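Okay, here's what each chain looks like letter by letter:
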Amino acid sequence: MQRARGHESILLRILTLTPHLYSLRLSGYTLDSPPFTAALIRALHPSRPPKATLCQHLRSLMLSGLRSCPDGLCTAMLRARWGDQARANGVACMEGGYVNLEGGSHKRDQKNMKKLCEEGMEMTLHLRGSNGWT
């Protein structure tokens, strides 16, 4: 776990240096790349003041290998980067991508993602629990 935290902290430092990044694709499924945790999602959630938010111009997110993420956290971050919420939070509006979550039921994330997609966000949520991917 220490290796994963070190890997993620380096990534977060890199993201602070790339405020104009508009597309982010990360995979934590290789032996050399430990899985990501909720720390990444928390860091991408818009904050006040907006200058403290990572990747303010992010419009596309493709993330695989996300573990230990509390139910609802991922879609709360996406909601904060969508439509009127994005404008209010001083960030670009998320256009789409996908997120693969591992472990847990993520019922809140499923419900919230359905709402976001009904509103027009082109985002896919894949869940991997004990029964495989859904």
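Residues numbered from 1 in each chain as written. Predicted model: local features only at pLDDT ≥ 70, side-chain atom pairs only at ≥ 80, totals over all residues. Heavy atoms only, no water.

Asker: With reference to specific residues and values, describe the overall build of the protein chain.
Answerer: Counting its regular elements, the protein chain contains five helices and five strands. Helices and strands appear in the protein chain in the N-to-C order α-β-α-β-α-α-β-α-β-β. Here the protein chain, with 134 residues, has 44% of them falling under the buried criterion. A fraction of 78% describes how many contacts in the protein chain between residues 6 or more apart in sequence connect residues 24 or more apart. (Helix = DSSP H or I, 4+ residues; strand = E, 2+ residues; numbered from the N terminus. Buried < 20%, exposed > 50% of the residue type's maximum accessible area, 1.4 Å probe, protein only. Contact = heavy atoms within 4.5 Å.)

Asker: Describe the nonpolar core, and please don't skip the residues or the numbers.
Answerer: Grouped together as the largest cluster of nonpolar side chains are 31 residues, with contacts concentrated most on Leu40, Leu44, Leu61 and Leu78. Where this core is concerned, the elements lending two or more residues are helix H1 (2-16), strand E1 (23-27), helix H2 (38-44), strand E2 (60-66), helix H3 (73-80), strand E3 (96-102), helix H5 (107-118) and strand E4 (122-129). Setting aside residues up to four positions removed in sequence, Leu61 forms contacts with Leu24, Leu44, Met77, Leu78, Met94, Gly96, Gly97, Tyr98, Val99 and Met123. (Core = buried A, V, L, I, M, F, W, Y, C linked by side-chain atoms within 4.5 Å.)

Asker: Tell me about H5, and please be specific about residues and values.
Answerer: For H5, with 12 residues, the first-to-last C-alpha span of 17 Å sits near the 16 Å given by 1.5 Å per residue. Residues of H5 that are buried include every one of Asp109, Met113 and Leu116, and no others. Angularly, the buried residues of H5 cover 60° about the axis, an arc narrow enough to put them on a single face. Within H5, the exposed residues directed more than 90 degrees away from the buried face are Lys107, Lys111, Lys114 and Glu118. (Expected span 1.5 Å × (residues − 1). Arc of directions from axis to C-beta.)

Asker: Provide a residue-level description of the pairing of E2, including the pertinent values.
Answerer: Where burial is concerned, most of E2 is hidden: seven out of the seven residues are buried. As defined by bridge partners, E1 adjoins E2 across five bridges and the pair is classed as parallel. Of the residues in E2, the one forming a bridge with Ser27 is Ser64. (Pairing = 2+ DSSP bridges.)

Asker: If you had to explain H3 to someone new, which residues and values would you point to?
Answerer: The buried count for H3 comes to six of eight residues, which makes it a mostly enclosed element. Within H3, burial applies to Leu73, Cys74, Thr75, Met77, Leu78 and Ala80.

Asker: So what about the side chain of Arg81? Which residues, and what values?
Answerer: Tracing the backbone through its elements, the reader meets Arg81 in the loop between H3 and helix H4 (83-89). A distance of 3.1 Å separates a polar atom in the side chain of Arg81 from the backbone oxygen of Cys55. The contact partners of Arg81, leaving out residues within four places of it in the chain, are Leu44, Pro46, Thr53, Leu54, Cys55, Gln56, Leu58, Ala86, Val91, Ala92, Cys93 and Met94. (Polar contact = N/O pair within 3.5 Å; in protein donor to acceptor, adjacent residues only side chain to side chain.)

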